[in-house]
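# Structural description and commentary
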Amino acid sequence: SSGSCSAGLAGFPAMGFLHISEPMDWQDSLKKLHYVRDHGVEQFLQVFHAVKHVTGDLLRWGDEIEYQVIRLEGDGEARTCKVSNRAATIIHDLQNIEHHKMQYGLSERDQCSWMPEYGSWMVECAPRKPFEGLVSLIEVEDYMRLRRSRLLSVLKPDEIAPTMTFFPLLGVGDFCHPPAQPNGPVAQSLFIPDECINQHPRFTTLTRNIRKRRGDKVFIARPKFKDENTAMPRRTPKARGPKEHPRTVDEADQAAFVYADAMAFGMGCCCLQVTFQGASLAESRHLYDHLAVLTPIMLAMTAATPILRGWLMDEDTRWDIVGQSVDDRTVRERGEGDVDADPHLAGKGVRLLKKSRYAGIDCYLCNCKSGSIGDSRTSAYNDVEMAYDPAHFERLLASGVDEVLAKHIAHLFSRDPLVVFKDRIELDDRKEVDHWENLQSTNWQSMRWKPPHPDKGVKETSSEDHVGWRIEFRTMEIQLTDFENAAFTVVVVLLSRVILGFNLNFYIPISKLDENMKNARQRNACADGKFWFRKSFLPEDVMHEHQHEAGFTPDDHDPQIQLQSIAEILIGDDTHPGLIPMCRMYLDFIGCDSVLRSKIDKYLDFVVARARGDLMTPAQWMRKFVTSHPDYKKDSKVPASAAYDLVKECQLIGEGKKACPEVLGTNVIPEVARATNPFDIKSTCKEYDCTLLQAYMRQAKSQTVRQLETQIQEHARQLKEQQAELDLLRVSLKEEVEQQEVYCRKTGAEPSPCVRPMPDPECGPDSFSPPLRTASPPGRRESGPMDCC
């Protein structure tokens, strides 16, 4: 769901954590927010000091793809489509199949990780083990096809799973199966039933608490595509409070824009994300900064969201839909009105926060040569004032974190935790990272910088269980085919190597990057949009030598940062190379073999064709599909029949059963067949008499049941032993406390610290635990990995 709350790549800790426990009610959790924020900073410090010196990590990377399961109903004029809220069952079936494969000879490399997502109709999948190096670039498309094939094996005959960013009829009438009614207690939406939200308590609590923190329902308003018969609005609702929300569906449809009111409209969108492991802390920060500049470019290139709540939009991406769908800021934090200060909230709920917690990055992280190089000095480009918690900032500085990174971390903690679990509050900050992840995983920015879990970070870099410093590229929209998804994944991975190998400098001011994020959402931004980008991103000495050899006179008056089209940025011109030629140059530079080169060239050619406008983005193609549909009435509204035909067409294209030259050009997509489901032999295996195979499967099931029974017995034994140890410990501690109390009464001495009660969760900064390593004195900075590059 645009990277909301799922488990992460294999070997890479989760983006969000799906702890099985009971979350606190928002009112009860208010008293714990301060504690969670403070101890989240402490947990970060423990991780930082434990693994900051790790270097030499391999390039490991992986992709995450989100799918939605759609049910096709009816035929002829009555045909329609609905979301199928069977994701929990589908994931369970897929996980059983993966476990079965492991039991009978397959390795982890053969496995997929299937995970829940925000919507009850959504499934997320990633490779069980991350890819390594560049040679794996030629494997990623096949692994994506493999995942699609396995997903198809557990679908019902009337279900499909096209790789689309959105569901066109989400929130329109009876759009889900099984049927359910909106206006439930969780989302309180005019359009979305609570049954469409994944029933894991994290997802429902996120939805409820975002609404409670901001004081009303989320308010989503996106520009409506104006066609010949689009009705003129009777009223224009404004996001100023609960009374300003439309009260009926008809009233919502009469707005001048497309209105929506639930987290599901944003987190119900699917996306493509890529995560990399840096060689070190320094390299991860360096890549974070320079890849961040590319996030709006890749968002526009992959634009695939022209429809919201059954209406055509006059923009092409999901980005601002998601941002508005999770905007938990109070009226005062949004700068739209006044509200009483609440001492429990971060910034008391009145500090101005310029962006939703789902938005572009707010600052760069790299501390290049301690800021000694002017052209890449972070302070020169972090030109937008950023909210952060001063106490946390000072705490980070005092513990040896450099100022640039300290501001980023303190900024993350200018937000509040949205889900607090009752049994995960008082934790050992030296071992646990729940409070850090609580804030880290709900700051959904265009890039995410991801420290490792300390248990995995401290392992030897040669260990398969080791995890280093990672960055996550988060803006790309899911594409119709595995070929497209692989192409953009490959380009992002390859650009990460080009940035490092050729020492490229993509820095532009954050204010310009914010403009680029806004430009990326515009209709046809891929072909028609303009984006701020450096005219010269090569090292200065290399650039001057290149221009001299090419016979050009360097123009010192040429502005460094200019508005350029995506074609100009990617393809370049005679005086300045584009990013794609730099990718080809890098492949020559490393001596790329012909096998890898031929596959990568195919992806690069495709990306160039889309940048030139020779090929449509999925958003352009989908809008054209709907507006050309015989049942479309030129009123901006998507008919049910057109939605049915659209999702069916996307399914056929994605599975390689139908060509789409407008989007793919001459690239041919091999057909993806349904994988054999070992637990449903009769329906998936029809080529031979499967009686013998069924006998083996019955035997396998019996063996699995016996293994589970043995595991349950062993767990029960271990729990019994642990309970006995705890009982003994309680008795021992009680005796010690009683002895100390007797001693203190006799002598008037203070109780020993080792038997003092646990700190009160509401005691604030004074309850900070000490850092794992000796902190640097205030004003002193450590060298080495702290100084990037």
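Structural data are supplied above this passage.
Structure report, in brief. Per chain, residue numbering runs from 1 following the sequence as it is written. With the structure being a predicted model, the display of local features is reserved for residues of pLDDT at least 70 and the display and counting of side-chain atom pairs for 80 or more, all residues being used for whole-chain, interface and lining totals. By convention in this description, side-chain values take in all heavy atoms of the structure and omit both hydrogens and water.

## Regarding the pattern of salt bridges
When a carboxyl oxygen of Asp or Glu is within 4 Å of a side-chain nitrogen of Lys or Arg, the pair counts as a salt bridge. By the definition in use, this model includes 56 salt bridges. For arginine 329, the salt bridge is made with aspartate 327, and the minimal N-O distance between the two is 2.8 Å. As far as the burial class goes, arginine 329 and aspartate 327 line up, both buried. As a salt-bridge pair, glutamate 472 and lysine 450 come within 4.0 Å of each other at their nearest N and O atoms. Burial classes follow relative accessibility: with a 1.4 Å probe on protein chains only, a residue under 20% of its type's maximum area counts as buried, one over 50% as exposed, and anything between as partly exposed.

## Looking at the pairing of strand β3 (residues 80-84)
Starting at the N terminus, helices and strands are each numbered in turn, a helix being any DSSP run of H or I of at least four residues and a strand any DSSP run of E of at least two. β3 sits mainly inside the fold: 5 of its 5 residues count as buried. The sheet contact formed by strand β2 (residues 70-73) and β3 spans 4 bridges and is antiparallel. The partner of isoleucine 70 across the bridge, within β3, is valine 83. For two strands to be treated as a pair, DSSP must find no fewer than two bridges joining them. Where β2 hands over to β3, the hairpin turn is made up of 6 residues, of which glycine 74 adopts a positive phi near 70°.

## Thoughts on the sheet that holds strand β7 (residues 159-160)
Taken in spatial order, the 4 strands make up an open sheet running β7-β2-β3-β8, and their pairing is mixed. Two strands close off the open sheet at either side, each with one partner strand: β7 and β8 (176-177). Relative to β8, β3 runs parallel, the two being bridged by 2 bridges. Across the sheet, valine 83 pairs through a bridge with cysteine 176, a residue of β8.

## Considering the environment of glutamine 562
Inspection of the secondary structure assignment puts glutamine 562 in strand β19 (residues 561-564). The spacing of glutamine 562 and lysine 530 is 32 residues in sequence and 9.2 Å in space, taken between C-alpha atoms. Those residues in contact with glutamine 562 that sit more than four places away from it in its chain are Phe531, Trp532, Phe533 and Lys535. By definition in these notes, contact holds between two residues if any of their heavy atoms fall within 4.5 Å.

## Some words on the side chain of serine 565
By the element assignment, serine 565 lies in the loop between β19 and α20 (566-571). Non-local contacts of serine 565, meaning those with residues more than four positions away in its chain, are made with Gly529 and Lys530.

## Notes on the environment of glutamate 98
Tracing the sequence through the fold places glutamate 98 in helix α2 (residues 87-103). Classification of glutamate 98 as buried rests on a relative accessible area of 2%. Between the C-alpha atoms of glutamate 98 and tryptophan 114, which are 16 residues apart in sequence, the distance is 9.0 Å. For glutamate 98, the residues in contact, after removing those within four places along its chain, are Asp110, Gln111, Cys112, Trp114, Arg128 and Arg150. For the purposes of these results, a polar contact is taken to be a pair of N or O atoms within 3.5 Å, where, inside protein, one atom must be able to donate a hydrogen and its partner to accept one; residues adjacent in sequence count only when each atom of the pair is a side-chain atom. A polar side-chain atom of glutamate 98 sits 3.0 Å from a polar atom in the side chain of tryptophan 114.

## What about the packing of aromatic side chains?
Between rings of Phe, Tyr and Trp, where Trp is taken as its six-membered ring, a pair exists when centres lie within 6.5 Å; planes separated by under 30 degrees are stacked, by over 60 edge-to-face, and by other angles tilted. A full pass over the atoms with the stated rule returns 26 aromatic pairs. Seen from their ring centres, phenylalanine 502 and tyrosine 586 are 5.9 Å apart, and the 80° between their planes marks the pair as edge-to-face. Linking phenylalanine 502 in the loop between α16 (482-501) and α17 (510-520) with tyrosine 586 in helix α21 (residues 579-589), this pair joins segments that are 84 residues apart in sequence. Across this residue pair, the class does not change: phenylalanine 502 and tyrosine 586 are buried. With a centroid separation of 6.2 Å and an interplanar angle of 75°, the aromatic rings of phenylalanine 533 and phenylalanine 537 are classed as edge-to-face. The exposure classification of phenylalanine 533 matches that of phenylalanine 537, with both residues buried. In this structure an aromatic cluster arises from ring pairing among Phe44, Phe48, Phe413, Trp436, Trp449 and Trp469. Placement of a positive charge over a ring is assigned whenever Lys NZ or Arg CZ falls within 6 Å of the ring centre and within 35 degrees of the normal to the ring plane. Geometry around phenylalanine 191 places arginine 309 over its ring, the cationic atom sitting 4.3 Å from the centre.

## Some words on the packing of helix α12 (residues 390-398) against helix α13 (residues 403-412)
Note on geometry: axes are C-alpha line fits, over the in-contact stretch for helices, and angles between N-to-C directions span 0 to 180 degrees. Where α12 meets α13, the axes come as close as 9 Å, and the angle between the chain directions of the two elements is 145°. Our pair here, α12 against α13, has a crossing hand that is right-handed. Two secondary-structure elements touch here, α12 through His392, Phe393, Leu396 and Leu397 and α13 through Glu403, Ala406, Lys407, Ile409 and Ala410. Each residue is assigned to one of three groups, with Ala, Val, Leu, Ile, Met, Phe, Trp, Tyr, Cys and Pro labelled nonpolar, Asp, Glu, Lys and Arg labelled charged, and all others, Gly among them, labelled polar. When the residues that make up the contact of α12 with α13 are grouped by side-chain class, the tally is 6 nonpolar, 1 polar and 2 charged. Take the far helix as your reference; a near helix turned counterclockwise from it by less than a right angle gives a left-handed crossing, and one turned clockwise gives a right-handed crossing.

## Thoughts on α2
In a helix, the anticipated span is given by 1.5 Å times the number of residues less one. In a regular helix each residue adds 1.5 Å, so 17 residues correspond to 24 Å; α2 covers 24 Å between its end C-alpha atoms and thus fits that length. Of the residues making up α2, those classed as buried are Ala87, Ile90, Ile91, Leu94, Ile97, Glu98, His100 and Lys101. On its buried face, α2 is in contact with β3, β4 (112-116), β5 (122-127), α3 (140-152), β7 and α27 (691-747).

## Section: unusual backbone geometry
Note: most peptide bonds trans; most residues except glycine with negative phi. Along the chain, histidine 177 connects to proline 178 via a cis peptide bond; the corresponding omega equals -5°. Mapped onto the elements, proline 178 comes out in the loop between β8 and α4 (201-214). Although it is not a glycine, asparagine 183 adopts a positive phi angle of roughly 65°. Topologically, asparagine 183 is positioned in the loop between β8 and α4. Under the relative-accessibility criterion, asparagine 183 is labelled exposed at 51%. Of note in this structure, glutamine 188 is not a glycine but carries a positive phi near 50°. Checked against the element boundaries, glutamine 188 lands in the loop between β8 and α4.

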